[in-house]
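# A look at the structure
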There are 2 protein chains.
Amino acid sequence: MANSAEKYDVFQAIADPTRREVLRILTGKELPISKITSHFTMSRTAIAKHLHILSEAKLVSGRKVGREKLYQLQPEPLEELKQWLSFYEQFWNNKLSILKHVVESDGGSRIHVIKTEVEK
Amino acid sequence: MANSAEKYDVFQAIADPTRREVLRILTGKELPISKITSHFTMSRTAIAKHLHILSEAKLVSGRKVGREKLYQLQPEPLEELKQWLSFYEQFWNNKLSILKHVVESDGGSRIHVIKTEVEK
DNA sequence: ACAATATGAAACCATTTGGTTGTATATATT
DNA sequence: AATATATACAACCAAATGGTTTCATATTGT
């Protein structure tokens, strides 16, 4: 199923509720397929396929340890999603509210933002 | 195709590249189906279906004006996506990367960020 | 060595998806 | 009134998706 042509991107990978649930389950822990499967009613094979898709999208990585394959969350590709989102944020938010959030949630520093026009 | 049972959620709606492109085209403007279609090689019917899906996910709204149906971006449901994302942010997060997007996605201005430490 | 466990992989299947074409209907335009 | 335009809707289709079952293989544990 996993073709080298990277058939699945992040957008497709997270479109499926089962796969989102798998990601949630993997937050923090590194788990073998069987343990992940135990959270669902569907078969191990089905979950393995979902893991392949998530793996293609680089949202998880698997390492084989003994007879188990341990899967781990790899959240970096979500950055792409975040960037995509940020483009639309200005339409329901105000761009500066993003900055506001950063400032407010920043524990140990103060952030100053100066916006200046740039000539054509 | 469009069942009242809301078959499509935001995650599924944005999974398709054509639909993401439609959203991008609709940023700012309100456009009739035919105008939207002119950006693609596929048929108007195909685009109409995509618009139905986007409509189910409440990412666009359409109003009929004369013989045209004008569609408009409705970005609010993307908030759900943002919230979903925020849960995973802590796992790769470098807070300043948020600022980086703001800077990079800003067309006509330059943003300077000065971060200074604050005494405990 | 043998049985149990964990995964991999192939074959198969029903449904969904993403597209098409064809026809009908409503609204402008001349 | 007749024609052109814009959309709606139904039927159809191939390919993708999300699942299953079955069998093979590698690794433990006794």
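## Here we look at the overall build of chain A
A count of helices and strands for chain A gives six helices and four strands. For chain A, the N- to C-terminal ordering of α and β elements is α-α-β-α-α-β-β-α-α-β. For chain A, the proportion of its 120 residues judged to be buried stands at 43%. Here the analysis covers contacts within chain A between residues at least 6 apart in sequence; of these, 54% occur between residues at least 24 apart. As presented, chain A carries roughly 7,000 Å² of accessible surface, and 49% of it is formed by carbon and sulfur atoms.

## A short note on helix α5 (residues 78-92) of chain A
Across its 15 residues, α5 of chain A extends 21 Å between first and last C-alpha, which sits within 8% of the 21 Å expected from 1.5 Å per residue. Within the span of α5 of chain A, buried status applies to Leu78, Glu79, Leu81, Lys82, Trp84, Leu85, Ser86, Tyr88, Glu89 and Trp92 of chain A.

## Some points on the packing of helix α2 (residues 17-25) of chain A against helix α5 (residues 78-92) of chain B
Packing of α2 of chain A against α5 of chain B leaves a shortest axis separation of 11 Å and a crossing angle of 30 degrees. Taken together, the axes of α2 of chain A and α5 of chain B are roughly parallel relative to one another. By crossing handedness, the relation of α2 of chain A to α5 of chain B is classed as left-handed. Taken together, the residues of α5 of chain B that come into contact with α2 of chain A (itself represented by Arg20, Leu23 and Arg24 of chain A) are Trp84, Phe87 and Tyr88 of chain B.

## Some details on the environment of Leu31 of chain A
Residues and elements named next belong to chain A. Checked against the element boundaries, Leu31 lands in strand β1 (residues 31-32). It is 9.1 Å that separates the C-alpha atoms of Leu31 and Glu68, two residues lying 37 residues apart in sequence. Setting aside residues up to four positions removed in sequence, Leu31 forms contacts with Ile25, Leu26, Ile36, Lys69, Leu70 and Tyr71.

## Some points on the sheet that holds strand β2 (residues 60-65) of chain B
All names here are of chain B. Read from one edge of the open sheet, three strands run β1-β3-β2, paired in antiparallel fashion. The open sheet has two edge strands, β1 (31-32) and β2, and neither has a second partner. Bridge count for β1 against strand β3 (residues 68-73) is two bridges, and the pairing is antiparallel. Its bridge partner being in β3, Pro32 is matched across the sheet by Leu70.

## Description of unusual backbone geometry
Residues apart from glycine generally show negative phi values, whereas peptide bonds are mostly found in trans. Positive phi values are uncommon outside glycine, yet Lys58 of chain A reaches one of about 65 degrees. Mapped onto the secondary structure, Lys58 of chain A falls in the loop between α4 (44-56) and β2 (60-65).

## Here's the deal with the protein's contact with DNA strand D
Surrounding DNA strand D, one finds 22 residues, the nearest of these being Tyr8, Ser43, Lys49 and His50 of chain A together with Ser34 of chain B. Among atoms of DNA strand D positioned within 4 Å of the protein, sugar and phosphate together represent 64%. Contact distances for DNA strand D include 2.9 Å between a phosphate oxygen and a side-chain N or O atom of Tyr8 of chain A. The separation between a phosphate oxygen of DNA strand D and a polar side-chain atom of Ser43 of chain A is 2.5 Å. Contributing elements (two or more residues each) for the surface near DNA strand D: α4 of chain A together with α3 (33-37), α4 (44-56) and β3 of chain B. The element best represented in the surface near DNA strand D is α4 of chain A, accounting for four residues. Per-class residue counts for the surface near DNA strand D are five nonpolar, seven polar and 10 charged.

What counts and what doesn't
Numbers given for residues are sequential positions, taken from 1 along each chain in its written order. Here the convention is simple: chains get letters from A, ligands get numbers from 1, in the order in which they are written. Only residues with pLDDT of 70 or above have their local features reported here, since the model is predicted, and side-chain atom pairs are shown and tallied only from 80 upward, although totals for entire chains, interfaces and linings are computed over all residues. Think of the side-chain values as coming from all heavy atoms in the structure, minus any hydrogens and water. Each helix corresponds to a stretch of at least 4 residues labelled H or I by DSSP, and each strand to a stretch of at least 2 residues labelled E; elements are numbered beginning at the N terminus. Each residue is placed in one exposure class: buried if its accessible area under a 1.4 Å probe, protein chains only, is under 20% of its type's maximum, exposed if it is over 50%, and partly exposed if it falls in between. Every residue pair with non-hydrogen atoms within 4.5 Å of one another is taken to be in contact. In this description, accessible areas are obtained by the Shrake-Rupley approach with a 1.4 Å probe, and a residue is regarded as covered only by the protein chains that are shown. Take the number of residues in a helix, subtract one, and multiply by 1.5 Å to get its expected span. Axis definition: a line fit to C-alpha positions, over the contact stretch in the case of helices; interaxial angles, taken between N-to-C directions, run 0 to 180 degrees. For classification purposes, angles smaller than 35 degrees are called roughly parallel, those larger than 145 roughly antiparallel, those between 65 and 115 roughly perpendicular, and all remaining angles oblique. Handedness of a helix crossing follows the sense of rotation of the near helix relative to the far helix, less than a right angle counterclockwise being left-handed and clockwise being right-handed. Pairing between two strands requires that DSSP report at least two bridges joining them. Definition of nearness: a residue and a molecule or strand are near each other if at least one heavy atom of the residue lies within 4 Å of the molecule or strand. Two N or O atoms form a polar contact when they lie within 3.5 Å of each other; inside protein one atom must be a possible hydrogen donor and the other a possible acceptor, and for residues adjacent in sequence the pair counts only when both atoms belong to side chains. Only Asp, Glu, Lys and Arg are considered charged in this grouping, and only Ala, Val, Leu, Ile, Met, Phe, Trp, Tyr, Cys and Pro are considered nonpolar; every other residue, Gly among them, is considered polar.

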